Amino acid sequence: SWNTLTDTYVNVLAADPAVPGSLYVNFWYNGFYQVETQTSNFIRLGEKVFGNVDAMAIAPGGTGKIFVLADNRFFLSKDHGSNWSSPDNTQMNVVWSVGRPNTIFASSGYDGTLFRSSDRGAILTKLDLNGVQTLVGAPKTVDTIYVGTRQGLFVSRDGGASWQPTGLPTSI
């Protein structure tokens, strides 16, 4: 059955693959929560650390790591959202590499710089592609990442070592 929540606008939603029945939800201007779907228990996360969440990525493999973009800054929790740190003052979009749980890709929202980390975000290495506005990993293909840039859509099939235009038009 469905329950109606009033005065809510959900703009970010993610399921934690390591914790069945657990969702992370951001209610626009009403906070960021972990929701236990079996009990309908709402746990407020990040209060007094950040405001509205704009994007989120959950690390695979049950590590407890959650990356959040909020207030034009990048935040990291290593314990399922109980504690938060801001590794830098950069706006980031984050995606995990399918089949490689230690590898993440992140793009800076300010200048579109693309980074890769092979140690779950501890060290970010700049890649040779700029102007990245958004990115996504292919759901079932190891090492395939798509990025949307100011110049169009690009794909890497080798974990970010090289990039090719997809051939899609840059304007419609």
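Please refer to the structure higher up on the page.
What counts, and where the lines are drawn
- Residues numbered from 1 in each chain as written.
- Predicted model: local features only at pLDDT ≥ 70, side-chain atom pairs only at ≥ 80, totals over all residues.
- Heavy atoms only, no water.
- Buried < 20%, exposed > 50% of the residue type's maximum accessible area, 1.4 Å probe, protein only.
- Helix = DSSP H or I, 4+ residues; strand = E, 2+ residues; numbered from the N terminus.
- Pairing = 2+ DSSP bridges.
- Axes fitted to C-alpha atoms, helices over the stretch in contact; angles between N-to-C directions.
- Contact = heavy atoms within 4.5 Å.
- Core = buried A, V, L, I, M, F, W, Y, C linked by side-chain atoms within 4.5 Å.
- Polar contact = N/O pair within 3.5 Å; in protein donor to acceptor, adjacent residues only side chain to side chain.
- Phe/Tyr/Trp six-rings, centres within 6.5 Å; stacked < 30°, edge-to-face > 60°.

*Asks:* What is the right way to read the pairing of strand 14 (residues 145–149) from this model?
*Replies:* In the case of a regular strand, side chains alternate between the two sheet surfaces. For strand 14, the buried fraction is high: four of the five residues fall into the buried class. The pairing of strand 13 (residues 132–137) with strand 14 spans five bridges and is classified as antiparallel. Following the sheet pairing, valine 132 is matched in strand 14 by threonine 149. Direction of pairing for strand 14 relative to strand 15 (residues 152–156): antiparallel, over a ladder of five bridges. The residue bridging tyrosine 146 from the neighbouring strand is valine 155, located in strand 15. Linking strand 14 to strand 15, which pair antiparallel, is a turn of two residues.

*Asks:* Even after reading the chapter, I still don't get the sheet that holds strand 13, so can you show me in this structure?
*Replies:* Think of a sheet as strands paired side by side through backbone hydrogen bonds, with each pair either parallel or antiparallel. Pairing is antiparallel across the open sheet formed by four strands, whose spatial order is 13-14-15-16. Strands at the two margins of the open sheet, each flanked by one partner only, are strand 13 and strand 16 (164–165).

*Asks:* Hey, could you run me through the sheet that holds strand 4 (residues 41–45) in this one?
*Replies:* With respect to topology, four strands assemble into an open sheet ordered 1-2-3-4, the strand pairing being antiparallel. Across the chains shown, the open sheet's two edge strands, defined by having one partner strand only, are strand 1 (10–15) and strand 4. Across this sheet, the average inter-strand angle for adjacent strands is 25°, counted without regard to direction. As paired elements, strand 2 (residues 22–27) and strand 3 (residues 31–36) share six bridges and run antiparallel to each other. If you follow leucine 23 over to strand 3, its bridge partner there is valine 35.

*Asks:* Whenever I open this one, the side chain of aspartate 16 confuses me. Can you help?
*Replies:* With respect to the helices and strands, the residue aspartate 16 is situated in the loop between strand 1 and strand 2. What aspartate 16 contacts, discounting residues up to four positions off in sequence, is Ser22, Tyr24, Ile58 and His80.

*Asks:* Can you walk me through the nonpolar core in this structure?
*Replies:* For soluble globular proteins, nonpolar side chains are generally found buried alongside one another. Phe32, Phe50, Met56, Val68 and Trp84 are the most contacted members of the largest nonpolar core, which has 14 residues in total. Broken down by secondary-structure element, the contributors of at least two residues to this core are strand 1, strand 5 (53–58) and strand 6 (66–70). Aside from chain neighbours lying at most four places away, what touches methionine 56 is Val12, Leu13, Ala14, Tyr24, Phe32, Ile66, Phe67 and Val68. If you look at the next biggest cluster of nonpolar residues, it comprises eleven residues, including Val95, Leu129, Val147 and Phe154.

*Asks:* Looking at this structure, how should I read the side chain of serine 22?
*Replies:* Note that serine 22 resides in strand 2. Judged by its relative accessible area of 4%, serine 22 is buried. Only 2.8 Å separates the side chain of serine 22 from the side chain of glutamine 34, close enough to count as a polar contact. With residues up to four places along the chain from it excluded, the contact list for serine 22 reads Ala14, Ala15, Asp16, Gln34 and Val35.

*Asks:* Help me understand the packing of aromatic side chains, please; the structure alone is not making it clear to me.
*Replies:* Within this structure, the stated rule accounts for five aromatic pairs. Taking 6.3 Å as the distance between ring centres and 25° as the angle between the ring planes, the aromatic pair formed by tyrosine 24 and phenylalanine 32 counts as stacked. Judged by relative accessible area, phenylalanine 32 falls into the buried class, the value being 1%. Between tyrosine 33 and phenylalanine 42 the ring centres are 6.1 Å apart and the planes differ by 75°, which places this aromatic pair in the edge-to-face class. Taken together, the aromatic side chains of Tyr24, Phe32 and Trp84 make up a single cluster linked through ring pairs.

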